[in-house]
Each structure stands twice: as structure tokens, then as C-alpha cells.
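# Topology and contacts: notes
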Amino acid sequence: QVHLEESGGGLVQPGGSQRLSCTASGNIFSIDTMGWYRQAPGKQRELIALINTDGGTNYVGSVKGRFTVTRDNAKNTVYLQMNSLKFEDTAVYYCYSSLRLKTSVWQVTDYWGQGTQVTVSS
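Basis of the calculations
- Sequence positions are assigned chain by chain, starting from 1 and proceeding in written order.
- In keeping with the model being predicted, local features are shown solely for residues with a pLDDT of at least 70 and side-chain atom pairs are shown and tallied solely at 80 or more, while totals for entire chains, interfaces and linings include all residues.
- The basis for every side-chain value is the complete set of non-hydrogen atoms in the structure, without hydrogens or water.
- To qualify as a nonpolar core, a set must consist of buried Ala, Val, Leu, Ile, Met, Phe, Trp, Tyr and Cys residues joined through side-chain atoms within 4.5 Å.
- Burial classes follow relative accessibility: with a 1.4 Å probe on protein chains only, a residue under 20% of its type's maximum area counts as buried, one over 50% as exposed, and anything between as partly exposed.
- A run of H or I in DSSP counts as a helix once it spans at least four residues, and a run of E counts as a strand once it spans at least two, with each numbered from the N terminus.
- Whether two residues are in contact is decided by their heavy atoms, any of which lying within 4.5 Å being enough.
- Two aromatic rings from Phe, Tyr or Trp, using only the six-membered ring of Trp, form a pair when their centres are within 6.5 Å; if the ring planes differ by under 30 degrees the pair is stacked, by over 60 it is edge-to-face, and anything between is tilted.
- As a reminder, the over-ring test applies to NZ of lysine and CZ of arginine, requiring each to be within 6 Å of the ring centre and within 35 degrees of the ring normal.
- Here a strand pair is declared whenever DSSP counts at least two bridges between the two strands.
- Any carboxyl oxygen of Asp or Glu within 4 Å of a side-chain nitrogen of Lys or Arg constitutes a salt bridge here.

## Focus on the nonpolar core
- Core analysis: the largest hydrophobic core is formed by 30 residues, its most contacted members being W36, F67, V69, V78, L80, M82 and Y93.
- The element that contributes the greatest number of residues to this core is strand 9 (residues 91–101), accounting for five residues.
- Not counting residues within four places of it along the chain, the set of residues in contact with Y93 comprises E6, L20, W36, Y37, R38, I48, F67, L80, M82, G115, T116 and V118.

## Thoughts on the packing of aromatic side chains
- Applying the stated criterion to the full structure yields three aromatic pairs.
- A centroid spacing of 5.1 Å and a plane angle of 55 degrees characterise the contact between Y96 and W112, whose relative ring orientation is tilted. With Y96 in strand 9 and W112 in strand 10 (residues 104–112), the pair connects residues that are 16 residues apart, well separated along the chain.
- Put simply, the rings of Y37, Y96 and W112 pair up and form one aromatic cluster.
- One cation-aromatic arrangement involves R19 over Y79; the distance from NZ or CZ to the ring centre is 4.1 Å.
- Seen from the ring of Y94, R45 lies directly overhead, with NZ or CZ sitting 3.7 Å from the centre.

## Structural notes on the environment of T103
- Here T103 is to be found in the loop between strand 9 and strand 10.
- Using a relative accessible area of 53% as the deciding quantity, one classes T103 as exposed.
- Non-local contacts of T103, meaning those with residues more than four positions away in its chain, are made with Q1 and N27.

## Considering the pairing of strand 3 (residues 18–26)
- Alignment of strand 1 (residues 2–7) against strand 3, held across six bridges, turns out to be antiparallel. Its bridge partner lying in strand 3, L4 is registered against A24.
- Judged from the six bridges that link them, strand 3 and strand 8 (residues 77–82) form a sheet pairing that is antiparallel. Bridge pairing in strand 8 places S21 opposite Y79.

## Some remarks on the pattern of salt bridges
- Scanning all chains against the criterion turns up four salt bridges.
- D32 serves as the salt-bridge partner of R100, at 3.5 Å between the closest nitrogen and oxygen. Remark: D32 occurs in strand 4 (residues 28–39) and R100 occurs in strand 9; sequence separation between them is 68 residues.
- Its relative accessible area of 22% is what places D32 among the partly exposed residues.
- Of the charged contacts, one joins R38 and D89 as a salt bridge, the two residues approaching to 2.9 Å between their closest N and O atoms. You can see R38 sitting in strand 4 and its partner D89 sitting in the loop between strand 8 and strand 9, a full 51 residues away along the chain.

Read these as geometric descriptors, not functional statements.
Structure representation (C-alpha cells):
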């Protein structure tokens, strides 16, 4: 019923920048929170950044000042601008959204994208 399509991953050099995008589509009534998680090899999935409907944001400490999350509510799209990338930013990045379906507007459900690989390497 809902699909989150990510794009923008790839190979980038240390110190470089990358921009990820994620668009939600399907039987959506409204979207509450959107954001990004990541999972590095051998590690658990971790929160990177969240953004709510009115633009309020929350970042995990390791990316503060380097990553910026934004959203376009009209397009059901969330972005992650990543600057000053480091080797340790290498991971699969997952789009996240908590939203309400047209068929169950009283219920908030979490959805995830398939993930996009970001590799920081020289």
C-alpha cells in the first residue's frame, strides 16, 4: 500500500558531499515524521535524523553540523544532505516515515525504504 523510494547513494571521497532523496507513494492520507537511519557493516541500524511536519528536526550526535534533513510536504519527499563525509559514514541508508493511510486515518504506521548504499572511500 505504501512504497518509499530512495535515490542518491553511491561512492564518494572523504570530505565530499552526497544528497539522498526519498519519496513516499501509495494510499497515504498524511505523513507525520520522516527521516533517515543507517546501518554499517556489523552494526545495528541507528537513527541519523528525523523531521516532523512543521520542519522540526532531530539529529544523532555524530552527524550534527555535517548532515541536514529537509522535506517537501507537497511531494511527500525527504532529503538528506551529507557534507564532510567520513569513512565511518559508510553504510546502507534507510528512509523512514510514520504516516496514516486513507483506509485507517486514526492509526500511525511506520514504513521503511529498501535502503541505498553510501560508500566513503578514497
